[in-house]
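Architecture at a glance
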Amino acid sequence: MKNNSIHRAIALVIGFVTLSMGALSKDVAFVGKSQTPDQNPIQATFKAKTYKAIAGYGVSSIDAAENLIRDPSKQAWVAEAAIPYVDFLEPGSSAGNFPYNLPYPGLTGGPSDHYVLEVTGEIVIPSPGFWTFSVLSDDGFSFEMRRGQQVYSYSYPNPRGAAHSLQVLSIAEAGAHSFRLVFFEQGGASTVELSAAPGGKPLFDPSFRLLGDTANGGLPHAVNADADGPFRYGDLDGDGDLDIVQFKGNAIIWLEQMEGVWLQHPLFEQPMAPGQEWLKKLELQDMDGDGDLDVVAAIMQNNNRWINWWENDGTPAANVDSAAAPYWKFYSITANTPGRVTDLHVLDINRDARMDVLSLSEEGDGLVWWEHTGDPKLAWTPNSVSTTLTNLISATGADMDGNGTVDVLYSQALSDGAFGLGWMRNDSGDGTDWTTQTIDTESAGWKPLVMDMDGDGDPDIVERRETDVVWHENTTGDAREWETHAIWYNGRALNDLAVGDVDRDGDPDVAGWQDDPFASFVGWYENADSVGADWIQPWADHYDTGTYGDLIDTDGDGDLDMVYLSGTWLSNRLNRTIHRTANYPPTSARVLESQVWIQSNLEAVDIDQDGDLDLLAMDSQDSLAWWVNERHGAGQWLRRTIGESLVGVEKVLAAEM
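Residues numbered from 1 in each chain as written. Predicted model: local features only at pLDDT ≥ 70, side-chain atom pairs only at ≥ 80, totals over all residues. Heavy atoms only, no water.

**Let's talk about the overall build of the protein chain**
A count of helices and strands for the protein chain gives two helices and 47 strands. Within the protein chain, contacts between residues separated by at least 24 positions form 51% of all contacts whose residues are at least 6 apart in sequence. Surface summary for the protein chain: the accessible area is close to 28,700 Å², and the carbon and sulfur share equals 49%. (Helix = DSSP H or I, 4+ residues; strand = E, 2+ residues; numbered from the N terminus. Contact = heavy atoms within 4.5 Å. Areas by Shrake-Rupley, 256 points an atom, 1.4 Å probe, with all protein chains shown as cover.)

Here is the structure:
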């Protein structure tokens, strides 16, 4: 040993002991299996708004509180904050049942009188049946909770000292429930808490937990629950950070990013008849040229199908909360379109500096672009791209031949059961004349991605197939001749792909997501030689799953993070290590020990402090061991046993304690 004064902790999965290894003391901690730290669902919060009354307007009842919220002329000011739970305490007031005691938004210093707190959000109730809700308040409050047409409510409408109001609710259906709490303070001390407990409770007891306090067993926020389709991202409110728009049940939801947390706003909700479903095609684009992002989506109602766009009025947060205008106003691009809309994109096809819409339907219109003729709120003109192409699966717009016009890249089912990949050349440049070009007849039929993969300045194509991922090289530069290259073999089809410079080395890499009970996958492959000939996998998680995914810089630190739909949760995995520091080709592999099975992760750490990395792991005999790196990986590795009979260990970690 080179330094016997160093103490390292080796964390396994279960409890805490200390083992002695000769002169070198090691602390060994056993901890429970946990989620990867950088993999987090996009975190939801509740929204809290304080309304301070002007001088002369008294807030002495819940009716007066609602009037203050509705009437700006009675408001001295309004302040807003994202909060994880409802546990507020004014300075000088007696604490309640929970320890957080958040400050009211906008209130500073000592006690204040005549104000209203409004809290809105969503929670997930895991099971139907009886649940008891508690509001501790000083003064009064009203509480309302909804799921679909089911409404639950109760209140204490008058002033009072700090007291509990309990209400046993018979929850009809498990799942996401929206709620609204209005609390008012007339004068004196002020506190409010919102909690719940399973079952019917006559009195408040220690089983109650704050809504949103999931670390201590509280009902969870529901911003990600029931997410079920593609998402798009952009800065909807002009505050400089990326927001997300997604489908959720029968609604379009805007997730507003506010200082690292996410607030949910419904933009549109459509009642659905039994057997109906959303078409789940969604885009963000400035449709009316006013400088903000609007929403374009395909919807279905009573078996009729529309492509609509929803106008962002520039103040989406205020708009969606307004009782007079609960949702963004929408305008129809197509009316009662026959056939399911299977693809949708917004782009300027005829080069008139106005956004047009490219749509693909299973029947009826087929592949069509809809012309924005001047006023996007009025009629749109349909233009056919092809009447001869059949069985199209996907279509997207891109300049394939580098002449500055928008062409159409498509995939289709062929007559022999195979799938084809091709593109329609925009010969006229204004979308009136198109020519078909074939790229590949061995495609899997999924949507391709366009990116310059080899750095030669022309567009190439990345595609997922049944068992592998490939890219098609545009060898002539004008998209007339193509050569196919392998990226990786996966054995099973991936659910989605994204292309971006994950490691910030100047070339595009490829990320993938797979939701398969036999082959789960979330990971990325690096374009190691920058020309798409050599690919390595720096990182992957074969326990996580994903369907729709994309690469987005969600935290604004300059690198691409992963956002993807995992089950019914929209997850965000942050990119913590940007640059690859080493390449490990097959020729560098060396045998550490023959006939040994490793049953945990393999942890690389300089245990003996000699300047090179040793290896730490659990073997199949329930022994914790480390292998001494004698000659910087080039020579013999000597095994040293740390502990034996350590049953049930799943993961080992090493750190200074």
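Once you've had a look at it, read on.
**Quick word on the packing of aromatic side chains**
The relative placement of two aromatic rings is captured by the distance of their centres and the angle of their planes. Applying the stated criterion across every chain yields a total of 15 aromatic pairs. Taking the centre distance of 5.4 Å and the plane angle of 80° together, the rings of Phe 141 and Tyr 154 count as edge-to-face. Highlighted residues: Phe 141 in strand 10 (residues 141–147) and Tyr 154 in strand 11 (residues 150–156), separated in sequence by 13 residues. Exposure class is identical for Phe 141 and Tyr 154. Each is buried. Grouped by ring-pair contacts, the aromatic residues Phe 46, Phe 133, Phe 141, Phe 143, Tyr 154 and Phe 179 constitute a single cluster. A cation sits over an aromatic face here: Arg 160 above Tyr 156, 4.3 Å from the ring centre. (Phe/Tyr/Trp six-rings, centres within 6.5 Å; stacked < 30°, edge-to-face > 60°. Buried < 20%, exposed > 50% of the residue type's maximum accessible area, 1.4 Å probe, protein only. Lys NZ or Arg CZ within 6 Å of the ring centre and 35° of its normal.)

**A closer look at the sheet that holds strand 37 (residues 509–514)**
Across the sheet, four strands lie side by side as 36-37-38-39; this open sheet has antiparallel pairing. Across the chains shown, the open sheet's two edge strands, defined by having one partner strand only, are strand 36 (496–500) and strand 39 (535–541). In this sheet, adjacent strand axes meet at a mean angle of 20° when their direction is disregarded. In this sheet, strand 37 lies alongside strand 36 in antiparallel orientation, the contact comprising five bridges. Within the sheet, the bridge partner assigned to Ala 498 lies in strand 37 and is Ala 511. (Pairing = 2+ DSSP bridges. Axes fitted to C-alpha atoms, helices over the stretch in contact; angles between N-to-C directions.)

**A few points about the environment of Ala 48**
Mapped onto the secondary structure, Ala 48 falls in strand 5 (residues 46–53). Along the primary structure Ala 48 and Ala 82 are separated by 34 residues, whereas in three dimensions their C-alpha atoms are 6.2 Å apart. If we ignore the near neighbours within four places in the chain, the residues touching Ala 48 are Ala 79, Glu 80, Ala 81, Ile 83, Phe 88, Pro 105, Leu 117, Glu 118 and Val 119.

**Topic: the nonpolar core**
The tendency in soluble globular proteins is for nonpolar side chains to be buried side by side. Ranked by size, the top nonpolar core spans 34 residues in total, and within it Phe 133 and Met 145 carry the most contacts. Mapped by element, the contributors of at least two residues to this core are strand 5, strand 8 (115–125), strand 9 (129–138), strand 10, strand 11, strand 12 (163–171), strand 13 (175–185) and strand 14 (191–198). For this core, the element with the highest residue contribution is strand 8, accounting for five residues. Beyond its immediate stretch of four places on either side in the chain, Met 145 contacts Ile 123, Ile 125, Phe 133, Gln 150, Val 151, Tyr 152, Leu 169, Ile 171, His 177, Ser 178 and Phe 179. (Core = buried A, V, L, I, M, F, W, Y, C linked by side-chain atoms within 4.5 Å.)

**As for the layout of surface pockets**
Taken as a whole, the second largest pocket spans an internal volume of roughly 1,200 Å³. Forming the boundary of the second largest pocket are 39 residues, of which Arg 232, His 345, Lys 447, Leu 449 and Asp 496 lie nearest the centre. Of all the elements, strand 24 (residues 341–347) adds the most residues to the lining of the second largest pocket, at six residues. When its residues are assigned to classes, the lining of the second largest pocket shows 20 nonpolar, eight polar and eleven charged. (1 Å grid on protein atoms, 1.4 Å probe; cavity = no way out; pocket = protein on both sides within 12 Å on 5 of 7 lines; lining within 4 Å. Points joined across faces, edges and corners; volume = space filled by probe spheres on them. Nonpolar A, V, L, I, M, F, W, Y, C, P; charged D, E, K, R; others polar.)

**Considering the pairing of strand 34 (residues 468–474)**
In terms of burial, strand 34 is a largely internal element, seven of the seven residues being buried. Pairing of strand 33 (residues 460–464) with strand 34 involves four bridges; the strand directions are antiparallel. In the sheet register, Ile 461 faces strand 34, and the bridge partner there is His 472. Here strand 33 folds back onto strand 34, and the loop between the two strands holds three residues. In terms of strand pairing, strand 34 meets strand 35 (residues 482–489) through seven bridges, oriented antiparallel. When the bridges of strand 35 are listed, Glu 473 appears paired with Glu 483.

**Focus on helix 1 (residues 62–70)**
Every buried residue of helix 1 is accounted for by Ile 62, Ala 64, Ala 65, Glu 66, Leu 68 and Ile 69. Of the surrounding secondary structure, the elements contacted by the buried residues of helix 1 are strand 5, strand 6 (75–83), strand 8, strand 10 and strand 13.

**Some details on the side chain of Asp 343**
With respect to the secondary-structure elements, Asp 343 resides in strand 24. On the basis of relative accessibility, which here comes to 2%, the residue Asp 343 falls in the buried class. Here Ala 395 takes part through its backbone nitrogen, which lies 2.8 Å from a polar atom of the side chain of Asp 343. In this structure, Asp 343 is in contact with Lys 281, Leu 358, Ser 359, Leu 360, Ser 394, Ala 395 and Lys 447, ignoring residues within four places of it in sequence. (Polar contact = N/O pair within 3.5 Å; in protein donor to acceptor, adjacent residues only side chain to side chain.)

**Focus: the pattern of salt bridges**
Tallying each qualifying case throughout the model produces 13 salt bridges. One salt bridge connects Arg 147 with Glu 173, and the closest N-O pair in it is separated by 3.4 Å. Of this pair, Arg 147 sits in strand 10 while Glu 173 sits in the loop between strand 12 and strand 13, and the two are 26 residues apart along the sequence. Taking relative accessible area as the criterion, Glu 173 reaches 46% and is therefore assigned partly exposed. Between Arg 425 and Asp 427 there is a salt bridge whose closest N-O contact spans 2.8 Å. The exposure class of Asp 427 is partly exposed, given its relative accessible area of 31%. (Salt bridge = Lys/Arg side-chain N within 4 Å of Asp/Glu carboxyl O.)

**Topic: the environment of Ala 65**
Structurally, Ala 65 can be placed in helix 1. Spatially, the C-alpha atom of Ala 65 lies 9.7 Å from that of Gln 186, the residues being 121 residues apart in sequence.

**Details of the sheet that holds strand 11**
In space, the six strands of this open sheet follow the order 6-5-8-13-10-11, with antiparallel pairing throughout. Two strands bound the open sheet, and with one partner strand each, they are strand 6 and strand 11. Taking the axes of each pair of neighbouring strands and ignoring which way they run, one obtains an average angle of 15° across the sheet. Against the sheet, helix 1 engages strand 5, strand 6, strand 8, strand 10 and strand 13, with an angle of about 105° to strand 13.

**Some details on the confidence of the model for the protein chain**
Confidence in the prediction of the protein chain, expressed as mean pLDDT, is 78, and 75% of residues score 70 or more. Across the protein chain, the element-wise mean pLDDT spans from 26 in strand 2 (residues 16–21) up to 96 in strand 14. A low-confidence stretch, residues 1–43 (pLDDT under 50), is modelled with 125 contacts involving residues beyond four sequence positions or located in other chains. Low confidence marks residues 317–325, where pLDDT is under 50. Its contacts with residues over four positions away, or in another chain, come to 16 contacts. (pLDDT = per-residue confidence, 0-100.)

**Brief notes about the side chain of Asp 348**
You can see Asp 348 is positioned in the loop between strand 24 and strand 25 (356–361). From its side chain, Asp 348 meets the backbone nitrogen of Arg 351 in a polar contact 3.0 Å long. At 3.2 Å, the side chain of Asp 348 forms a polar contact with the backbone nitrogen of Asp 352.

**Considering unusual backbone geometry**
Asp 138 connects to Asp 139 through a cis peptide bond whose omega is 25°. Phi angles above zero are rare outside glycine, and His 114 is one such case at about 55°. Here His 114 shows up in the loop between strand 7 (87–89) and strand 8.

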